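# Structural overview for review
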Amino acid sequence: MTTSEYLEILDSKYGVSGNEKEIRTCVNELFSKYCDEVSVDTLGNVIGIKKGKNPSAPSLMIEGHMDELGLMVSDITEEGSLKFVPIGGFDPKVLPGTEVTIHGKEKLFGVIGAKPPHLISGDRKVPKTTELCVDTGLSKDDVSSIVRIGDIITFNTAYTKLDGDMVAARCIDDRGGIAIVLRVLELLSNFEIENDIIAVATVQEEVGLRGAKTAASHIQPGCAIAIDVCHGTSPGVSDEAFPCGKGPVLTMGPNLHSKMTRKLIEIAKRDNIDIQLEVCNGDTGTDAWEIQVAGMGIPTSLLSIPVRYMHANYEIADTSDMETAAKLIATFATTLKEGDCLCW
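Summarised in this report is the structure supplied together with it. A quick note: this is a predicted structure, and the numbers were derived from the prediction, not measured.

Turning our attention to the nonpolar core. With 56 residues, the main nonpolar core has Leu10, Val27, Phe31, Leu60, Ile180 and Phe332 as its most contacted residues. Tallying contributions element by element places helix α4 (residues 172–188) first for this core, with nine residues. Setting aside chain neighbours within four positions, we find valine 27 in contact with Leu10, Val46, Met66, Ile178 and Ala201. Ranked by size, the runner-up nonpolar core spans 19 residues in total, among them Ile102, Ile112, Val134 and Val147.

Below, the structure written as structure tokens:
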């Protein structure tokens, strides 16, 4: 399967941070196709192990987060509308008019409503999150029989193929990362390699990198590659952004292991694999931040897929970048041998 096909499957499943059951079940099944062992830890991370032939070779953890942004019901008004709080970082201006599903006792559809801009006083035309609500068309009594405070709300956006290899989807951040992990496992499925490959789909990245912290501390791999997204260039967005379709972005900086990152660059040059380079002098804002310092420390690299309109209802990316990332990681995995030293 291609990363596009994996992404389409993954994007159809829901998994708001802290409520990842549906996507976790899907990932567990997909990992089981390629891994010798698959387990779920206490926090809910899915961990798959493809065993290598030499247990003394350094293991490689390949990680992406499977949680997504969403909303949580905080109140039911007298009119039957649902007030909510965001789970993860949203820009309120993308919410009005969005079709949603409330995951109550049964699934219930609704639309996020807002006061019309004509009725907002002053210069401010973008409503605050506290001024928004979900309208299901039901009365308070009817909606209260289905929905409870604390129920999760997700967005009804469908996976859509655009021109060429471009796709639009609800949560390329970071189901695209999980798609890459799966593609790497598939590429390596016909090879006998030295080292263990540990595939990890983490939870609760969007609310504090929590899954990566616990998983990496427990696994303590020889080295790790975190996969996430970065900003793709789009109209009005060029600073700290990268073009889609020009390859994944490899980050350099103190959060990342310089020797390991240089090795990835050398492989890309040798095999004519397109990559883009980014420098980050501090917190990368990704799971790599926690993986690097787990336990006694883990040599960590970060590959990101350029995504347009990050944290909006639809994100857009080029799946060729995902295929390229998978090829680079799979090639790197075959180079790890017993005695390799990735220390500083």
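What follows covers helix α1 (residues 3–11). Every buried residue belonging to α1 is among Thr3, Ser4, Tyr6, Leu7, Leu10 and Asp11, and all of these are buried. Relative to the axis of α1, the buried residues are bounded by an arc of 160° and lie together on one face. Summarising the contacts, the buried residues of α1 are in contact with α2 (21–32), β10 (160–161), β11 (166–169), α4 and α8 (319–333).

The next thing to look at is the pairing of strand β4 (residues 70–76). Here six bridges tie β4 to strand β5 (residues 82–87), and the two strands are oriented antiparallel to one another. Across the sheet, glycine 70 pairs through a bridge with isoleucine 87, a residue of β5. The hairpin formed by β4 and β5 contains five residues between the paired strands, and glycine 80 there has a positive phi angle of roughly 95°.

Taking strand neighbours across the sheet as the criterion, the three strands line up as β10-β11-β17 in an open arrangement whose pairing is antiparallel. Two strands bound the open sheet, and with one partner strand each, they are β10 and β17 (315–318). The sheet contacts of α4 involve β11 and β17, and relative to β17 the element is tilted by about 30°.

Time to look at the side chain of threonine 3. Position of threonine 3 among the secondary structure elements: in helix α1. Beyond its immediate sequence surroundings of up to four residues, threonine 3 is in contact with Ala179, Ile180, Arg183, Thr319, Met322 and Glu323.

This structure, assessed with the given rule, holds one aromatic pair. Taking 5.3 Å as the distance between ring centres and 75° as the angle between the ring planes, the aromatic pair formed by phenylalanine 90 and phenylalanine 155 counts as edge-to-face. One end of the pair, phenylalanine 90, is in the loop between β5 and β6 (99–103); the other, phenylalanine 155, is in strand β9 (residues 152–155), and 65 residues separate them in sequence. Residue classification places phenylalanine 155 among the buried positions, given a relative accessible area of 4%.

Okay, the pattern of salt bridges next. Tallied over the full model, the rule gives nine salt bridges. A salt bridge links aspartate 151 to arginine 148; the shortest N-O distance between them is 3.6 Å. Across the salt bridge formed by arginine 183 and glutamate 186, the nearest N and O atoms sit 3.7 Å from each other. Here glutamate 186 and arginine 183 lie together in helix α4, a separation of three residues that amounts to about one turn. Each member of the pair, arginine 183 as well as glutamate 186, carries the same accessibility label: buried.

Turning our attention to the sheet that holds strand β15 (residues 276–279). Strand order across the open sheet formed by eight strands is β1-β2-β12-β3-β13-β16-β14-β15, with mixed pairing between neighbours. Two strands lie at the open edges of the sheet, namely β1 (37–40) and β15, each paired on one side alone. Between one strand axis and the next, the sheet turns through 25° on average, direction left out of account. Of the pairings in the sheet, the one linking strand β14 (residues 249–252) to strand β16 (residues 300–307) comprises two bridges and is antiparallel in character.

Within the sequence span of helix α5 (residues 210–219), burial applies to Gly211, Ala212, Ala215, Ala216 and Ile219. Looking straight down α5, one finds its buried side chains confined to an arc of 110°; they lie on one side. Those residues of α5 that are buried lie in contact with β2 (46–50), β3 (60–65), β12 (197–202) and α7 (288–291). Backbone geometry just downstream of α5 places glutamine 220 in the positive-phi region, at approximately 50°.

Each value, and the rule that gives it
Residues numbered from 1 in each chain as written. Predicted model: local features only at pLDDT ≥ 70, side-chain atom pairs only at ≥ 80, totals over all residues. Heavy atoms only, no water. Core = buried A, V, L, I, M, F, W, Y, C linked by side-chain atoms within 4.5 Å. Buried < 20%, exposed > 50% of the residue type's maximum accessible area, 1.4 Å probe, protein only. Helix = DSSP H or I, 4+ residues; strand = E, 2+ residues; numbered from the N terminus. Contact = heavy atoms within 4.5 Å. Arc of directions from axis to C-beta. Pairing = 2+ DSSP bridges. Axes fitted to C-alpha atoms, helices over the stretch in contact; angles between N-to-C directions. Phe/Tyr/Trp six-rings, centres within 6.5 Å; stacked < 30°, edge-to-face > 60°. Salt bridge = Lys/Arg side-chain N within 4 Å of Asp/Glu carboxyl O.

What is shown is where atoms sit, not what they do.
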